[in-house]
Amino acid sequence: LASRYLALSKFLATLRCGHTYANFYNQSAPLRSALFDRKTRLPFAFRWIDDLMVVTEASPKLNLPRGSVVTRINRVGAEDMLRSLMPYTRADGSAFVKRKALLEVQHREKFEYFDIFHGLVYGEPAGGVHRIEYTDPKGRSRTLDSAPISLAERQEARSAKAATLGNEEPAWTFDERDGIGVLTMADWSTYSMKWDWQSWLDTRLDQAASLRGLIIDNRQNEGGDPKVGAHLLSRLIDKPLRPPSYARLVRFRTLPDSLRSFTKTWDPNFYELGRDAKDLGRGFFQLPEVSDAAQQIQPRDKQVNVPTVLLTSPTNSSATFTFARIAKASGRMRLVGGTTGGNYRGINGDGYFFTTLPHSGIEFDVPIVGKFPLTPQPDAGVSPDLMVKESVADIVNGKDRTMDAAVSLLS
């Protein structure tokens, strides 16, 4: 089962579509248990700074200080490990930075990419102990042995409050720093949120209107509901804003019965999505164009006219890539941080077939609408106006260089 899951994941990654993958959360309970609930996880969280594995958090029982650089794990170099796992990660186009970002462990998700693929590729450590070689913040070479941790132990590292955010409690935060509002948004998956996010967001934007500036921190936000980005922009613009135009293409008129039996979706109309589409040849069918009026983002009352900065990172893709692109093109805000994931050449999505292989039972997501640009575009994400490169020293000292740069820019 593990080898099948790895083979499928490696193949799907070659399609270079960030939405086409063997989704961890859509597997059956027995399969999730068999593949993902293995006691192979490293007992620390980390980020990749260039190709260095830098510790950001470790168990209090470990003598592994924040900012330590892990050089080898079980005699495998950290950089070699990174390169061996990259072929299993998803991204739109040639987004190397997005793939690397997915292979960080930051206690953001129930299932971490690195945990799963490191466990499946490298298996349980010899003798049930990870040998971790590292350089501490003072430059001293160290070695420690530690038992791997389980899925349950990894989840304990996520706060109990984080698991409930977006249900009854807000999933986002708003703070004030030096007279500047900081809106932190780690997820736009509003379909699972039970709180009134629109009212909450409007209240915070009303507060921001009386401050010296506004920072929208999207660095940990992979995407979700594009309505959130449109809602934000509608309060920040003073004239209608038209997003970039894309041709919406599909590869079928109706899904054959021979394939339909292996798929599920939330809207049965998806099975006949291309019935009335225009045949472009070469197996492509173009869906009807969306009117300009329907695409435009209209300004709303009570505009927030303060200078605004958007913090970006390679994690941004899907809806947050689109938001970054529109925000930059609007001229209404400056972008600070790192190049986003996503891709100017288009993103697949809009509808999905959740497809299950008949023998293994492994599920993979298939987005069914491709958005193709009307003019040639680069194979790249959105570059910020101000690129900020973080360092190992920043992690050692607990310094948020990107946030500091944004505050300085607004000041």
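Residues numbered from 1 in each chain as written. Predicted model: local features only at pLDDT ≥ 70, side-chain atom pairs only at ≥ 80, totals over all residues. Heavy atoms only, no water.

A. Seen up close, the pattern of salt bridges. For the structure shown, the criterion picks out 27 salt bridges. The partner of Asp115 in a salt bridge is Arg154, with the nearest N and O atoms 2.8 Å apart. Of this pair, Asp115 sits in helix H5 (residues 113-122) while Arg154 sits in helix H6 (residues 151-156), and the two are 39 residues apart along the sequence. Since its relative accessible area comes to 4%, Asp115 is described here as buried. A salt bridge links Arg235 to Asp206; the nearest nitrogen and oxygen atoms lie 2.7 Å apart. Of the two residues, Arg235 is situated in helix H9 (residues 226-236) and Asp206 in helix H8 (residues 197-208); the sequence distance between them amounts to 29 residues. By relative accessible area, Arg235 is classed as buried at 3%. For Asp206, a relative accessible area of 31% gives the class partly exposed. Each member of the salt-bridge network shares a partner with another, and the members are Asp202, Asp206, Arg235, Arg300 and Lys302. (Salt bridge = Lys/Arg side-chain N within 4 Å of Asp/Glu carboxyl O. Helix = DSSP H or I, 4+ residues; strand = E, 2+ residues; numbered from the N terminus. Buried < 20%, exposed > 50% of the residue type's maximum accessible area, 1.4 Å probe, protein only.)

B. Representation of the packing of aromatic side chains. Taken as a whole and judged by the stated rule, the model has 26 aromatic pairs. Relative to Phe117, the ring of Tyr88 has its centre 5.5 Å away and its plane inclined at 15°; by these criteria the two rings are stacked. In this pair, Tyr88 is assigned in the loop between helix H3 (78-85) and helix H4 (96-102) and Phe117 in helix H5, connecting sequence segments 29 residues apart. The class of Tyr88 is buried, set by a relative accessible area of 12%. On the basis of relative accessibility, which here comes to 1%, the residue Phe117 falls in the buried class. Residues Phe252 and Phe353 carry aromatic rings whose centres are separated by 5.8 Å and whose planes lie at 45° to one another, so their mutual orientation is tilted. You can see Phe252 sitting in the loop between strand E10 (246-250) and helix H10 (257-260) and its partner Phe353 sitting in strand E16 (residues 348-356), a full 101 residues away along the chain. Assessed through its relative accessible area of 4%, Phe353 is described here as buried. Every member of this aromatic cluster is reached through a ring pair, and the members are Tyr5, Phe24, Tyr25, Phe36, Tyr88, Phe111, Tyr113 and Phe117. Between the NZ or CZ atom of Arg251 and the centre of the ring of Phe284, over which it lies, the distance is 4.2 Å. (Phe/Tyr/Trp six-rings, centres within 6.5 Å; stacked < 30°, edge-to-face > 60°. Lys NZ or Arg CZ within 6 Å of the ring centre and 35° of its normal.)

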